[in-house]
Amino acid sequence: MKSASSPPSKTRPAPEVCLARSVADVLKENPALEAVTIDRDHQTISIATLGQTDVPRLTARITERLQAAEQANSDQHCRLLEGHGECRECVHPLSAAERQKVAIEHQGTRTTIARVTCPTAPKFYRWRNIPWPRVVQRDVEFLEHAEEVEEWKPQLALAAACGVLGLTAYVLGNYKLQNYSLAAYLMAYLAGSWFTAQEVWERLRQRAIDVHFLMLAVAAGSASIGAWSEGATLLFLFSLSGALEHFALGRTQREIRSLFRDAPKSATVLEPGGLEREVPVEKLRPGMRLLVKPGAQFPVDAEIVHGRTASDESNLTGEATPVEKTVGDLVLSGTMNLWGAVEARVLRPVSESSLQKIIRLIREAQHQKAPSQQFTDRFSTAYTYLVLGLSLVMFFVWWLGFGQPPFKTEGAGHSAFYHTMTLLVVASPCALVLSIPSAVLAAIAWGARHGILFRGGAAVEKLAAVTAVALDKTGTLTTGELRVEKVETFPPGREAELARLAYSMEKLSTHPLARAITRYGKQQQLPELELTQFESLTGQGLRARHQGVDCLLGRRDWLLEMGAFPQIQHVPPLDSGFSEVWVARGDLLGRLVLRDDIRPQARQVVEALRHEQLTTVVLTGDRQAAARHLQTELGLDDVRAELKPDQKLEVIRTLSNQGHRVAMVGDGVNDAPSLVAAHIGVAMGARGSDAALEQADVVLMHDRLENFLAAFRLSQRARRIIRQNLVISLGTVAVLVTFALLGRIPLTVGVVGHEGSTVIVVMNSLRLLFMGAGRADR
């Protein structure tokens, strides 16, 4: 990357925005971004990502934030980036809590700011260089504002006009009204080629040709030798199939947009003095307090800070039953507040909300092609030129080799040019080009309508090939809605003190256990302790200091390994179905007991997976006893307990090396490396962690395990329909080309056969849109 030609100016005002904080904010906003390296002297930026991400959007976000910091900071550089440890000159420096979530490393003029993560994660980072900051505006997307895809209606109208005019011209020709017949044919040609000619012109401007060019060439060739009826028939059927193709696309887009038509456009903000004012959702910022009244939608992802209610989350999570919400609970953007007026604190801007996240996932899915589609795209371009070359050669073979007249038909036979036009029609790859994308788009649309988000055609194809399913326990086979059952101290009497310490430590974590404890602390209105030297030990627990005393929170085994708490050995383990979190500080020792129920449908899903001949393996960090209980209850093939994230990753690799194509189903940050390493990653629910959602190939938005089974069957059905389409399209071409080379097929029959196969392929794909997963054979 080239450095700038001149150094920054030295005459700008003092810093106002912390550059280190800008990077930390981008890390927080983009779960797929893991690290950013900045070399200010050489003006270079490198980013590290993990899993799938929208690189242009991420680049725009980084450059926007860094440009704002650069404009404010000028020559007086951020002291934190220069290795001085603090940035007191900045108006908004990194807080102590924020410093604990990122690691900052200095190497000469280069500074790397990375999120704190498991030791194995950097092995999977993908580094990219991006340009030194240039501002790119990031807009909020509303699918309901998307232009209606109704192009099929005028296409269908013109196709019908072409058919009627062509038939009229044919009848007039039979009555020897040649001038009127010719006029009707010309109008039929104009109507039938209107949209096709526009497509051809756009492609020619790009110095490329495709099947549209072939069809226009054949129609013009037919007219030039007086075969007006054959040309009109071709244009009618080609424009009709084009209208049906756009109808299928429009129906797909309509199914997706119907999920989000009523997204809120404004919100009621509560001012410090209690005043209310309406503001556009794009202007909401984290920390703002909102008033959400009954019957209104939550405009952004927020946390309840006052009041109680229930929300209808069916459009995002598929939960038909209203979900109770109280202080400390998360509410999702786009969901409905049913009966209580509540105050909520904005957690993230609307551009990063759950609703916008889903919209972006869907948009990505529609633009990411399946591997087989990528092959057919490359094949069809070369094939088009091959057909043109073959037709040209055959023209001379029929003319010079078989002695047929070159252009004008004489007697009962046809000219060489007539046979060439027939060959061009029947060899054109119309049905082949549509065979895969039409099925993939229909599958994506059906899935989106039923809470299954495929991140592109590759995910649709890959899921069908799965032979083993690895499942996380918490939030996947269990509900993930843990609740604190009781707080115990040893000796008893200091339960409130223990709960306060646990709440203060877990507030900085995102694990399901931490979310339950944090919610419990907010509901009990526990005051927060000021902690220092906060540290997350992957797979073990948390460490911090309070008033100079070490504080520990984590697994029983970990605290026992510390050697300072032998009394833990005398505390009996919990029954299966319960989890425990141990907390210690000085002479304070105790545990929080949490419960997480098995999903009611889990056993039925596991049995169905076994019926599909899929191997089921549970990967959990929980105790062996709890894991064995789960295996007995659900009839799982295998369970692996007490696993750290890197050990889960190793299990995935082992299964892959044994020849399995593994689908990893999880919902937490610790599942992210395994989701990347698996053949296909599946994230559970809109409530899942951002890291899991961003790196998964499939997202089950309905937060229901049975949707994995529906996604698997849908994928299999889509693969079967794709294969059917390929057989239909290639088989039709093979048969018709054979007869065309032998000169045994009229142009009209060739047109009907060619366009008929295209219509059949589109209609066959639309079955996925209306019938969905159905029953798919392995």
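Structure's up top.
In this report, we go over the structure that sits alongside the text. Not measured: the values here are computed from a predicted model.

**Description of the overall build of the chain**
And step 1. Helix and strand content of the chain: 24 helices and 27 strands.
And step 2. Here the chain holds 778 residues, and 52% of them are scored as buried.
And step 3. Partitioning the contacts of the chain with sequence separation of at least 6, the portion at a separation of at least 24 is 69%.
And step 4. Accessible surface, the chain: about 34,400 Å² in total, of which carbon and sulfur atoms supply 55%.

**With respect to the pattern of salt bridges**
Here the idea is simple: oppositely charged side chains can pair when their charged atoms come close.
And step 1. Within this structure, the stated rule accounts for 24 salt bridges.
And step 2. For the salt bridge of E34 with R115, the shortest nitrogen-to-oxygen distance reads 3.4 Å. Within this pair, whereas E34 is found in strand β1 (residues 33-39), its partner R115 is found in strand β4 (residues 110-115), the two being separated by 81 residues in sequence.
And step 3. On the accessibility criterion, E34 (4% relative accessible area) is buried.
And step 4. Its salt-bridge partner being E497, residue R585 comes within 2.7 Å of it at the nearest N-O pair. A residue pair is termed long-range when its members are at least 10 positions apart, and R585 in strand β21 (residues 578-585) and E497 in helix α15 (residues 495-506) qualify at 88 residues.

**Some remarks on the environment of S181**
And step 1. Mapped onto the elements, S181 comes out in helix α5 (residues 178-205).
And step 2. In this structure, S181 is in contact with A169, L172 and G173, ignoring residues within four places of it in sequence.

**Notes on the side chain of S193**
And step 1. Among the secondary structure elements, S193 is positioned in helix α5.
And step 2. Apart from the residues lying within four places of it in its own chain, the contact partners of S193 are L216 and L235.

**Details of the sheet that holds strand β23 (residues 615-619)**
And step 1. The mixed open sheet is built from seven strands, whose spatial order is β15-β27-β26-β25-β16-β23-β24. In this open sheet, the two strands that pair with only one neighbour each are β15 (452-454) and β24 (638-640). Between one strand axis and the next, the sheet turns by 20° as a mean value, whatever way the strands run.
And step 2. In terms of strand pairing, strand β25 (residues 662-666) meets strand β26 (residues 680-684) through four bridges, oriented parallel. Residue V665 lies in a different strand from β26, and its bridge partner there is V682.

**Describing a nonpolar patch on the surface**
And step 1. Taken together, the side chains of L167, Y170, V171, Y175, L177 and Y180 present a nonpolar region at the surface, about 690 Å² in accessible area.
And step 2. Counting residues per element, the nonpolar patch draws most heavily on helix α4 (residues 152-174), at three residues.
And step 3. Its place among the elements puts Y180 in helix α5.

**A few points about the sheet that holds strand β20 (residues 549-554)**
And step 1. Taken together, six strands build an open sheet; the order of strands is β17-β22-β21-β20-β19-β18 and the sheet is antiparallel. Strand pairing shows two members of the sheet lacking a second neighbour, β17 (483-489) and β18 (532-537), which therefore form its edges. Across this sheet, the average inter-strand angle for adjacent strands is 15°, counted without regard to direction.
And step 2. As judged from the six bridges shared by β17 and strand β22 (residues 588-595), these two strands associate in the antiparallel manner.

**Brief notes about unusual backbone geometry**
And step 1. That bond from F490 to P491 is cis: its omega, 0°, falls within 30 degrees of zero.
And step 2. The residue Q533 is not glycine, and still its phi comes out positive at about 55°.
And step 3. Within the element layout of this structure, Q533 appears in strand β18.
And step 4. On the accessibility criterion, Q533 (58% relative accessible area) is exposed.

**Re the packing of aromatic side chains**
And step 1. Enumeration according to the criterion identifies eight aromatic pairs in this entry.
And step 2. Between Y189 and W228, the aromatic rings sit 5.2 Å apart at their centres with planes inclined by 65°, giving edge-to-face as the arrangement. Residue Y189 is found in helix α5, and its partner W228 is found in helix α7 (residues 228-257); the two are separated by 39 residues along the sequence.
And step 3. Given the relative accessible area of 11%, Y189 is considered buried.
And step 4. For the pair F490 and W582, a centre-to-centre distance of 5.6 Å together with 25° between the ring planes defines the contact as stacked.

**Re helix α10 (residues 416-427)**
And step 1. Compared with an ideal rise of 1.5 Å per residue, which puts twelve residues at 16 Å, α10 spans 16 Å between its outermost C-alpha atoms and is within 8% of the ideal.
And step 2. Across the twelve residues that make up α10, a large majority, twelve, are buried.
And step 3. Turning to α10, its buried residues number three or more, namely A416, F417, Y418, H419, T420, M421, T422, L423, L424, V425, V426 and A427.

Conventions used here
- Along each chain, residue indices are assigned from 1 in the same order as the chain's sequence is written.
- Given that this is a predicted model, residues contribute local features only at a pLDDT of at least 70 and side-chain atom pairs are listed and counted only at 80 or more, while totals for whole chains, interfaces and linings are drawn from all residues.
- Processing note: side-chain calculations cover all non-hydrogen atoms of the structure and skip hydrogens and water entirely.
- In DSSP terms, a helix is any run of H or I states spanning at least four residues, a strand is any run of E spanning at least two, and both are numbered starting from the N terminus.
- Burial here depends on accessible area, computed with a 1.4 Å probe over protein chains only, as a share of the maximum for the residue type. Under 20% is buried, over 50% is exposed, and the range in between is partly exposed.
- Residues are treated as being in contact if the distance between any of their heavy atoms lies within 4.5 Å.
- All accessibility values rest on the Shrake-Rupley procedure with a 1.4 Å probe; residue burial counts only the protein chains present in the view.
- Should a side-chain nitrogen of Lys or Arg be within 4 Å of a carboxyl oxygen of Asp or Glu, the pair is scored as a salt bridge.
- For two strands to be treated as a pair, DSSP must find at least two bridges joining them.
- In this description, a line fitted to the C-alpha atoms serves as the axis of each element, helices being fitted only across the stretch in contact, and the angle between N-to-C directions of two axes falls anywhere from 0 to 180 degrees.
- Residues qualify for a patch when their relative accessible area is over 30% and they have no salt bridge, like charges being joined within 9 Å and the nonpolar side chains of Val, Leu, Ile, Met, Phe, Trp and Tyr within 5 Å.
- Two aromatic rings, drawn from Phe, Tyr or Trp (for Trp, its six-membered ring), form a pair once their centres lie within 6.5 Å of each other, and the interplanar angle then sorts them: stacked below 30 degrees, edge-to-face above 60, tilted otherwise.
- Here the expected span of a helix is defined as 1.5 Å times the quantity of residues minus one.

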